[in-house]
Amino acid sequence: MTPERFESWLKVDRKGLYCPPGGFHIDPHGAVRRAIVTHGHSDHARPGHDAVLATKETLAIMGARLGEGAPRRPQATACGEPLAIGDVTVTLFPAGHVLGSAQVLIEYKGTRVVISGDYKRSADPTCAPFALVPCDLFITEATFALPVFQHGDARAEVAKLLTSVEQFPERAHVVGAYALGKTQRVIALLREAGYERPIYLHGALQACCDLYESFGVSLGVLLPATGTKRDDLEGAIVLAPPSAIADRWSRRLPDPVTAFASGWMRVRARARQQGIELPLVISDHADWRELTETITETGAEEVWVTHGREDALLHHIETTGRRGRALALIGREDEDP
Ligand SMILES: [Zn+2]
Ligand SMILES: [Zn+2]
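Now for a description of the structure that goes with this document. (Residues numbered from 1 in each chain as written. Chains lettered and ligands numbered in written order. Predicted model: local features only at pLDDT ≥ 70, side-chain atom pairs only at ≥ 80, totals over all residues. Heavy atoms only, no water.)

### Side note on the sheet that holds strand β1 (residues 11-13)
Here's step 1: Read from one edge of the open sheet, 6 strands run β1-β2-β3-β4-β5-β6, paired in mixed fashion. Each edge of the open sheet carries a strand with a single partner, namely β1 and β6 (73-76). Shown here is a sheet whose adjacent strand axes are inclined to one another by a mean of 30 degrees, direction ignored.
Here's step 2: Pairing of strand β3 (residues 24-26) with strand β4 (residues 34-36) involves 2 bridges; the strand directions are parallel. Following the sheet pairing, I26 is matched in β4 by I36.
Here's step 3: Relative to strand β5 (residues 51-54), helix α1 (residues 56-66) is tilted by about 135 degrees, and along the sheet it contacts β5 and β6. (Pairing = 2+ DSSP bridges. Helix = DSSP H or I, 4+ residues; strand = E, 2+ residues; numbered from the N terminus. Axes fitted to C-alpha atoms, helices over the stretch in contact; angles between N-to-C directions. Contact = heavy atoms within 4.5 Å.)

Encoded structure:
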């Protein structure tokens, strides 16, 4: 069958990517009547939608974070269960990015399109692993789409943190981590590495940890850093939002070693600039190899590249004989670099 030209049924309008035969947007950046939301990060899960189809975890995250802007008509769907919407069939598949994150498969007249949302393929004890979904058109993220980005093994980065904690037992280690996803992954990796002591949290990280726990992801003993005596934080690991590590907040900690868990920590200049002593390369996004291999494995003949560094990836896509297109979607400031 000749594939329907994708542009005839997948369009970019003022609100973002829109599927006319299904009557819905995917991760729209403004409020819409009907949306499919891939995951709970704020650059994908915007407030003010009427109907939202997403995993139950993503809907819970949106409910907790958006308050009055939470979806008015939430509809939960499980991964792997096809759903007829208008003239298309929609199925979600795990994206391995954060709790509840999903890719979206849309089938229309025998053509298969997969929208990756944010994804990674490396192991993460806090969410379901990425599922490879064969398709004709793959719409991919591109946050770390440069060959220089090789994330490596997150466990080795956590081992570095634990070594430093052992070396400086009188200092606190304050680790910058985004509230949704990164924080819980760092905690789970610490627990996997055998670290059983309480982990201290900046108040802004508590709600997301509670959400993960409510979905059965156990994180061990977590205590609020605020209100804990300074002496008790000697030798402790404290997680805080990135904005708090350079701020007055962390100066209350005993001689803190500042760390930051992010894919961007591969860029040493960036770590230095932010005053990070202990950069930890831990990313919830695909690196260059994962991005390029996934494109090949999907078998897609055409690839659209969303937010991120599309130039290098588009060049790569064209050298492999596929059609590539940059999807200029506004309003994509990534929450979880
Ligand atoms: Zn994300
Ligand atoms: Zn994103």
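### Structural notes on helix α4 (residues 206-214)
Here's step 1: Within the sequence span of α4, burial applies to C208, C209, L211 and Y212. In an axial view of α4, the angular spread of the buried residues amounts to 155 degrees, which keeps them on one side of the axis. For α4, the exposed residues set more than 90 degrees away from the buried face come down to A207 and S214.
Here's step 2: Where α4 is buried, its residues meet α1, α3 (182-192), β13 (199-201) and β14 (222-224).
Here's step 3: Following α4 by one or two positions, G216 adopts a phi angle in the positive range, close to 90 degrees. (Buried < 20%, exposed > 50% of the residue type's maximum accessible area, 1.4 Å probe, protein only. Arc of directions from axis to C-beta.)

### Considerations on the packing of aromatic side chains
Here's step 1: By the definition in use, this model includes 7 aromatic pairs.
Here's step 2: Ring plane angle 65 degrees and centroid distance 4.9 Å describe the contact between F144 and F149, whose orientation is recorded as edge-to-face. Side by side, F144 and F149 carry an identical accessibility label, which is buried.
Here's step 3: The interplanar angle of 90 degrees and the centroid separation of 5.4 Å between the aromatic rings of F149 and W264 together place this pair among those described as edge-to-face. Pair noted here: F149 is in the loop between β11 (137-142) and α2 (154-167) and W264 is in the loop between β16 (257-261) and α7 (268-273), with a separation of 115 residues, a long-range link.
Here's step 4: Looking at F149, the relative accessible area reads 3%, which means it is buried. (Phe/Tyr/Trp six-rings, centres within 6.5 Å; stacked < 30°, edge-to-face > 60°.)

### Thoughts on the layout of surface pockets
Here's step 1: Quantified by volume, the second largest pocket comes out at close to 170 Å³.
Here's step 2: Lining the second largest pocket are 13 residues; nearest its centre among them are T55, E57, C79, G100 and A128.
Here's step 3: Of the residues belonging to the lining of the second largest pocket, the class tally is 7 nonpolar, 4 polar and 2 charged. (1 Å grid on protein atoms, 1.4 Å probe; cavity = no way out; pocket = protein on both sides within 12 Å on 5 of 7 lines; lining within 4 Å. Points joined across faces, edges and corners; volume = space filled by probe spheres on them. Nonpolar A, V, L, I, M, F, W, Y, C, P; charged D, E, K, R; others polar.)

### Quick notes on unusual backbone geometry
Here's step 1: Positive phi is not limited to glycine here, since K109 has a value of about 50 degrees.
Here's step 2: Take K109: it is sitting in the loop between β9 (102-108) and β10 (111-115).
Here's step 3: For D255, which is not glycine, the phi dihedral falls at a positive 40 degrees.

### Comments concerning the state of the cysteines
Here's step 1: On inspection of all chains with the given rule, the structure shows 0 disulfides.
Here's step 2: Left without a disulfide partner, C127 is nearest to the cysteine sulfur of C79, which lies 11 Å away. (Disulfide = S-S within 2.5 Å.)

### Focus: α1
Here's step 1: Restricting attention to buried positions, one finds in α1 the residues E57, T58, L59, I61 and M62.
Here's step 2: Packed against the buried residues of α1 are β5, β6 and α4.
Here's step 3: G67 lies just past α1 and shows a positive phi near 55 degrees.

### Re the sheet that holds β14
Here's step 1: Ordered by their spatial adjacency, 6 strands build an open sheet running β14-β13-β15-β12-β16-β17, and the pairing between neighbours is parallel. The open sheet has two free edges, formed respectively by β14 and β17 (278-280), since each of these has just one partner strand. Taking each pair of neighbouring strands and ignoring which way they run, the sheet shows an average axis angle of 30 degrees.
Here's step 2: For strand β12 (residues 173-176) and β16, the ladder comprises 4 bridges, and the chain directions are parallel. Bridge pairing in β16 places H173 opposite V257.

### A few points about empty space enclosed by the protein
Here's step 1: Within the structure shown, the criterion is met by 2 cavities of 30 Å³ or more.
Here's step 2: Lining the second largest cavity we find S122, H151, G152, A154, R185, V281, I282 and S283.
Here's step 3: Taken together, the residues of the lining of the second largest cavity sort by class into 3 nonpolar, 4 polar and 1 charged.

### Structural notes on the environment of G235
Here's step 1: Considering the arrangement of structural elements, one finds G235 in the loop between β14 and β15 (237-240).
Here's step 2: Judged by relative accessible area, G235 falls into the buried class, the value being 3%.
Here's step 3: Along the backbone, G235 and T58 are 177 residues apart, and their C-alpha atoms lie at a distance of 35 Å.
Here's step 4: In contact with G235, not counting residues within four places along its chain, are V165, P169, E170, R171, A172, Y195 and R197.

### Side note on the pairing of β9
Here's step 1: Burial analysis of β9 places 6 of its 7 residues in the buried class, the great majority of the element.
Here's step 2: Of the pairings in the sheet, the one linking strand β8 (residues 88-94) to β9 comprises 6 bridges and is antiparallel in character. Its bridge partner lying in β9, T89 is registered against E107.
Here's step 3: Inspection of the sheet shows β9 paired to β10 by 5 bridges, in the antiparallel sense. Bridge pairing in β10 places L105 opposite V114.
Here's step 4: The antiparallel pairing of β9 with β10 creates a hairpin that spans 2 residues between the two strands, and K109 there sits at a positive phi of about 50 degrees.

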